Amino acid sequence: MTEKLLLLKYILAFLVCSSFLQIVNNSPIRNVTPTKMVRTHENPWIEHWEIKKQRAISSWSYTDPEAWQHSFPTCGSNLQSPINIETASLSAYPKFYFGNYGNIDRMTVTNNGHTVLFSLPSSIPAESIPFITGGGLSNRYNFVQFHFHWGNDSSHGSEHRIKSKKYSAELHLVHYNTKYGSFSEATKYDDGLAVLGVLIKVGKKINSPFRAVVDQLNEVDEDGDETTLVNLISFKDLLPSRTTTFFRYSGSFTTPGCEEIIIWTVFDDSITISESQLSKFRLLKGRDSLTLVNNYRPVQSLSGRTVTYRSHSGCHITINWSHISSPIVDIYQYSTCVFSFYANSFLTILGVNL
Ligand SMILES: [Zn+2]
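Per chain, residues are indexed from 1 in the order of the written sequence. Side-chain atom pairs in this predicted model are given and counted only at pLDDT of 80 or more, local residue features only at pLDDT of at least 70, and totals for whole chains, interfaces and linings cover all residues. Here the side-chain values reflect all heavy atoms present in the structure, with hydrogen atoms and water set aside.

**Comments concerning the side chain of His172**
Helix numbers and strand numbers start at the N terminus; a helix is a DSSP run of H or I with at least 4 residues, a strand a run of E with at least 2. Its location among the elements puts His172 in strand 10 (residues 169-177). Engagement of the side chain of His172 in a polar contact is seen with the side chain of Glu170, the distance being 2.6 Å. Any two residues whose heavy atoms approach within 4.5 Å at even a single point are treated as in contact. The contact partners of His172, leaving out residues within four places of it in the chain, are Gln145, Phe146, His147, His149, Glu159, His160, Val195, Leu196, Gly197 and Trp264. Side-chain atoms alone can form a polar contact between residues adjacent in sequence; in general such a contact is a pair of N or O atoms within 3.5 Å, and within protein one must be able to donate a hydrogen while the other accepts it.

**Quick word on the side chain of Ser252**
With respect to the secondary-structure elements, Ser252 resides in the loop between strand 14 (246-251) and strand 15 (262-267). Engagement of the side chain of Ser252 in a polar contact is seen with the side chain of Gln80, the distance being 3.5 Å. Those residues in contact with Ser252 that sit more than four places away from it in its chain are Leu79, Gln80, Ser81, Cys258, Glu259, Glu260, Ile261, Ile262, Trp264 and Arg297.

**Considering the environment of Ile132**
On the secondary structure map, Ile132 appears in strand 7 (residues 131-134). Each C-alpha atom of the pair Ile132 and Phe143 lies 7.7 Å from the other, and the pair is 11 residues apart in sequence.

**As for the coordination of the zinc ion**
Of the protein atoms, only His147 (NE2), His149 (NE2) and His172 (ND1) coordinate the zinc ion, at distances of 2.0 to 2.1 Å. Counting the intervening residues between successive donors of the zinc ion yields the motif H-x1-H-x22-H. Pair noted here: His147 is in strand 8 (residues 141-150) and His172 is in strand 10, with a separation of 25 residues, a long-range link. In this structure, His147 and His172 share a single accessibility class: buried. Donor selection uses N, O and S atoms within 2.8 Å of the metal (3.2 Å for Na, K and Ca). Since no water is included, sites may look incomplete. Relative accessibility decides the category of a residue: with a 1.4 Å probe and only protein chains considered, values under 20% of the type maximum give buried, values over 50% give exposed, and everything between is partly exposed.

**Some remarks on the confidence of the model for the chain**
Looking at any residue, its pLDDT shows the predictor's confidence there, from 0 to 100. Per-residue confidence for the chain averages 84 on the pLDDT scale, and 78% of its residues sit at or above 70. Confidence over residues 12-47 falls short of pLDDT 50; this stretch has 15 contacts with residues more than four positions distant or in other chains.

**Topic: the pattern of salt bridges**
A pairing counts as a salt bridge when a side-chain nitrogen of Lys or Arg comes within 4 Å of a carboxyl oxygen of Asp or Glu. On inspection of all chains with the given rule, the structure shows five salt bridges. Here Arg287 ties to Asp223 by a salt bridge, and the two come within 3.1 Å at their closest N and O atoms. Taken together, the residues Arg287 in the loop between helix 8 (275-279) and strand 17 (308-310) and Asp223 in the loop between helix 7 (211-214) and strand 12 (226-228) connect sequence positions 64 residues apart.

**Let's talk about the environment of Tyr180**
With respect to the helices, strands and loops of the structure, Tyr180 is situated in the loop between strand 10 and helix 6 (183-186). Distance in space between the C-alpha atoms of Tyr180 and Asp191 is 9.9 Å, their sequence separation being 11 residues. Look past the residues within four positions of Tyr180 in its chain and what remains in contact with it is Glu185, Ala186, Tyr189, Asp191 and Gly192. Here Asp191 takes part through its side chain, which lies 2.6 Å from a polar atom of the side chain of Tyr180.

**Re the packing of aromatic side chains**
Note on ring pairs: Phe, Tyr and Trp rings are taken, using the six-membered ring of Trp, and paired if centres are within 6.5 Å. Classes follow the plane angle, with under 30 degrees stacked, over 60 edge-to-face and the rest tilted. The full count for this structure, using the stated rule, is 23 aromatic pairs. Note on Tyr93 and Phe246: the rings are 5.9 Å apart at their centroids and 20° apart in plane angle, and the pair reads as stacked. A residue pair is termed long-range when its members are at least 10 positions apart, and Tyr93 in the loop between strand 2 (89-90) and strand 3 (96-99) and Phe246 in strand 14 qualify at 153 residues. Per residue, the accessibility class of Tyr93 equals that of Phe246, and both read buried. An angle of 50° between the planes, with centres 5.1 Å apart, marks the rings of Phe98 and Tyr101 as tilted. The class of Phe98 is buried, set by a relative accessible area of 13%.

**Observations concerning the nonpolar core**
Ranked by internal contacts, the top residues of the largest apolar core, which has 46 residues, are Phe118, Phe146 and Phe148. Listed by contribution, the elements that provide at least two residues to this core are strand 3, strand 6 (116-119), strand 8, strand 10, strand 11 (193-203), helix 7, strand 15 and strand 16 (271-274). When residues in this core are grouped by element, the largest group, five residues, is from strand 8. In this structure, Phe148 is in contact with Thr115, Val116, Phe118, Glu170, Leu171, Ile200, Phe210, Val213, Phe281 and Asn295, ignoring residues within four places of it in sequence. Counting 19 residues, the second largest nonpolar core, distinct from the first, contains Tyr167, Tyr249, Val266 and Tyr309. We call a set of buried Ala, Val, Leu, Ile, Met, Phe, Trp, Tyr and Cys residues a nonpolar core when their side-chain atoms join them within 4.5 Å.

**Details of unusual backbone geometry**
Between Ser81 and the following residue, Pro82, the backbone shows a cis peptide bond with an omega angle of 0°. Not every positive phi belongs to a glycine, and Ser164 is a case in point at roughly 65°. Along the chain, the position of Ser164 falls in the loop between strand 9 (161-162) and strand 10. On the accessibility criterion, Ser164 (42% relative accessible area) is partly exposed. Phi is positive for Ser289, which is not a glycine, with a value near 60°. With respect to the element layout, Ser289 can be found in the loop between helix 8 and strand 17.

**Digging into the state of the cysteines**
In this description, a disulfide is simply a cysteine sulfur pair whose atoms lie within 2.5 Å. Enumeration according to the criterion identifies one disulfide in this entry. At a sulfur-sulfur separation of 2.1 Å, the disulfide partner of Cys75 is Cys258. Every disulfide takes its handedness from the sign of the S-S torsion; for Cys75 and Cys258 that torsion is 85°, giving right-handed. Taken together, the residues Cys75 in the loop between helix 5 (68-71) and strand 1 (84-85) and Cys258 in the loop between strand 14 and strand 15 connect sequence positions 183 residues apart. Of the two residues, Cys75 and Cys258, both sit in the buried class.

Here it is, written out as structure tokens:
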């Protein structure tokens, strides 16, 4: 009898201990030990966190841009884009040089649920990649992709505003600083990317070069769709006719995570497309099959930043004269600069290369 009681006690003790060990084993505290976090993602707590993070990355929307900063703290920082450009100080930047901005064949078009994105075919030879130099940029910046922002009607849609004026849409041509070797490496530096912002108005005439951009949009009408363009796209024809005047400021991506690594150029001259061309963008569907419209971020605070402006001639006159530079010297230098600009323009028209 005593032996049976003893055996029963052992069994009970075993059961109690094993259930205790099971509780410990399932404890969330045990599951977040640092060694396990580093070694593997099998941990349910980490997996939960990863899934939540992934969901946050992919599930941001334009319905509440103010909420982006909860999942992406940089979105609440001080060097954010876009901005409303009210005033700017003159700066003597050189002109832009647009390399390989001619016809590009077989571009890839992707609907990523937030915009429609045009990127280079992987087969493009390195020497044919479009790039920009000059314009006050310290290096050569290679083209990566361009995409658009638009509204549900033509009274709004642009991200940047000039003197509070909203445009119907905006084109962003994204380039990376080649001194960093690749786009992903460049995104780690504050001079990593240069984006050209082209404001788009709506007019009566069809914009012919823009046909190649809109003709196949119906092939990417769902989130995740991708197609290859049949027609060539001329980058030059997507730019405004005057690229010698532009605004410049330091800012950020206008989508999460809002990294502050972009040298922004916003041309004050705009391009014009027809209402029917712009309406093709409004037929696209984004996340959760909702109509993809109003995919622009509201303007952000300047927070003490200075916007600079390149005038047509690239010449500027110093306004705050100090004791070491007299107004006469500055006016002389300015006049010489303007004279040489117009002399060069005249010789260019005549086909004379200096
Ligand atoms: Zn953009």
